[in-house]
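# Remarks on the overall topology
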Amino acid sequence: MEKTCTLYFVIPCYNEEEVLFEIAKRLSAKLDFLCKQNKISENSRIVFVDDGSHDRTWDIISSFHEKDKRFRGIKLSRNRGHQNALLAGLMSVKDECDAVISMDADLQDDIDASDEMIELWKKGNDIVYGVRGSRKKDGALKRMSARAYYRLLSFMGVEVVYDHADYRLLSKRALDGLAEFKEVNLFLRGIVPMIGYNTAKVTYERGERFAGKSKYPLKKMLKFAWEGISSLSIRPIRMITALGFLIFGVSIIMLSYFLIRHFSGATVPGWTSIAVSVWAIGGLQLLAIGIIGEYIGKMYLETKRRPRYIIEKYLK
Ligand code: UDP
Ligand code: MG
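The present account deals with the structure reproduced in this document. (Residues numbered from 1 in each chain as written. Chains lettered and ligands numbered in written order. Predicted model: local features only at pLDDT ≥ 70, side-chain atom pairs only at ≥ 80, totals over all residues. Heavy atoms only, no water.)

### Let's talk about the pattern of salt bridges
As enumerated under the stated definition, the model contains 23 salt bridges in all. Residue Lys-30 pairs with Asp-115 through a salt bridge whose shortest N-O separation is 2.8 Å. In this pair, Lys-30 sits in helix H1 (residues 20–36) while Asp-115 sits in helix H4 (residues 113–122), placing the two residues 85 residues apart along the sequence. The buried category is assigned to Lys-30, whose relative accessible area is 7%. We classify Asp-115 as partly exposed; its relative accessible area is 24%. Through salt bridges with shared partners, one network takes in Glu-16, Asp-106, Arg-209 and Lys-215. (Salt bridge = Lys/Arg side-chain N within 4 Å of Asp/Glu carboxyl O. Helix = DSSP H or I, 4+ residues; strand = E, 2+ residues; numbered from the N terminus. Buried < 20%, exposed > 50% of the residue type's maximum accessible area, 1.4 Å probe, protein only.)

### A closer look at the site of ligand 1
Around ligand 1, a shell composed of 18 residues is seen, among which Glu-16, Asp-51, Asp-106, Ser-214 and Lys-215 lie nearest. Interatomic distance of 2.8 Å between a backbone N/O atom of Pro-12 and an oxygen atom of ligand 1. Residue Asp-51 places a side-chain N or O atom 2.6 Å away from a nitrogen atom belonging to ligand 1. The protein chains hide 92% of the 540 Å² of surface that ligand 1 would expose on its own. Partitioned by chemical class, the residues of the shell around ligand 1 number 5 nonpolar, 5 polar and 8 charged. (Near = heavy atom within 4 Å. Polar contact = N/O pair within 3.5 Å; in protein donor to acceptor, adjacent residues only side chain to side chain. Areas by Shrake-Rupley, 256 points an atom, 1.4 Å probe, with all protein chains shown as cover. Nonpolar A, V, L, I, M, F, W, Y, C, P; charged D, E, K, R; others polar.)

### Looking at the coordination of the magnesium ion (ligand 2)
Coordination of the magnesium ion (ligand 2) by the protein comes from Asp-106 (OD) and Gln-108 (OE1), over a distance range of 1.9 Å. Both residues of the pair, Asp-106 and Gln-108, belong to the buried class. (Donors = N, O, S within 2.8 Å, 3.2 Å for Na, K, Ca; no water.)

### Some words on the pairing of strand E2 (residues 45–50)
Most of E2 sits inside the fold, with 6 of its 6 residues counted as buried. As defined by bridge partners, strand E1 (residues 7–13) adjoins E2 across 6 bridges and the pair is classed as parallel. Bridge pairing in E2 places Tyr-8 opposite Arg-45. Each parallel crossover has a hand, and the one from E1 via H1 to E2 is right-handed. Where E2 and strand E3 (residues 71–76) come together, 5 bridges link them in parallel fashion. Within E3, the position partnered with Phe-48 by the bridge is Gly-73. The parallel pair E2 and E3 is bridged by helix H2 (residues 57–67), and the resulting crossover is right-handed. (Pairing = 2+ DSSP bridges. Right-handed = clockwise from strand over helix to strand, strands pointing away.)

Structure follows, in structure tokens:
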């Protein structure tokens, strides 16, 4: 059984020319090591997905493939974002391997943690999550916002694994499960736990980016954070309904109060309270419509069933 386990590494890359040589070197060493130990078969591969990069990323990937056929390259027709690029990689290889490990290109994910992932997979786990041991390398702000975000997600009823990003092992059957999820608005961290099967965690220390800049500027990060909530939870809309009830209740109380004042003869000009409440209610209504609009927008995009990625080339 040992020999037959074919493992693929899948790495989404967007403008990663500065790190590619290093990750290729380390991954091929890892593959050699695992093969020698008979942990994985000779058919194991390393698959880089070029997510529409504008630099030399694709040329570098092609040159790896030229020299060593264990390297493969998938070129997307344009930039589709990390989650779609990762999905493109996973779906392209799922019928050729027994398991996939996905990781970022920038070497923040400790490659050596994959040894333990493989062990746990062989013990019968279909999903093995890479979980960050500590957040020592992060600044205080990043640490706090991450914690607040996980709290918010769980409050919204979204099940995610704490401090796990997209470094994980998925077995063939977990990949088949993932293929059943057809959503266009993709937040893999929220979808993977829905697949089920036996799961396990491996703790690792997440390092700093080896070279180059983060491909997730604040704007993209906030968009991704909102994607996590809005594609997996409808609690924000329920909260609006609850707020509506609450405000309606308050207005009934206010109405009775004003009626009593009126009949007891105290006529108050009341300009301030009216002006304030007009603004408050107006603002709340706009916010509520905005949130509902976000969901309608999502439904609009989902009903179009546009492809999540288009593959231009597959070097294999
Ligand atoms: N990435 C991608 N498409 C994008 C943005 C990022 O494929 O549009 C890849 C990127 O090359 C890297 C991974 O997603 O392999 C994570 O990005 P990054 O390390 O820049 O994010 P951070 O670690 O700063 O959150
Ligand atoms: Mg990174």
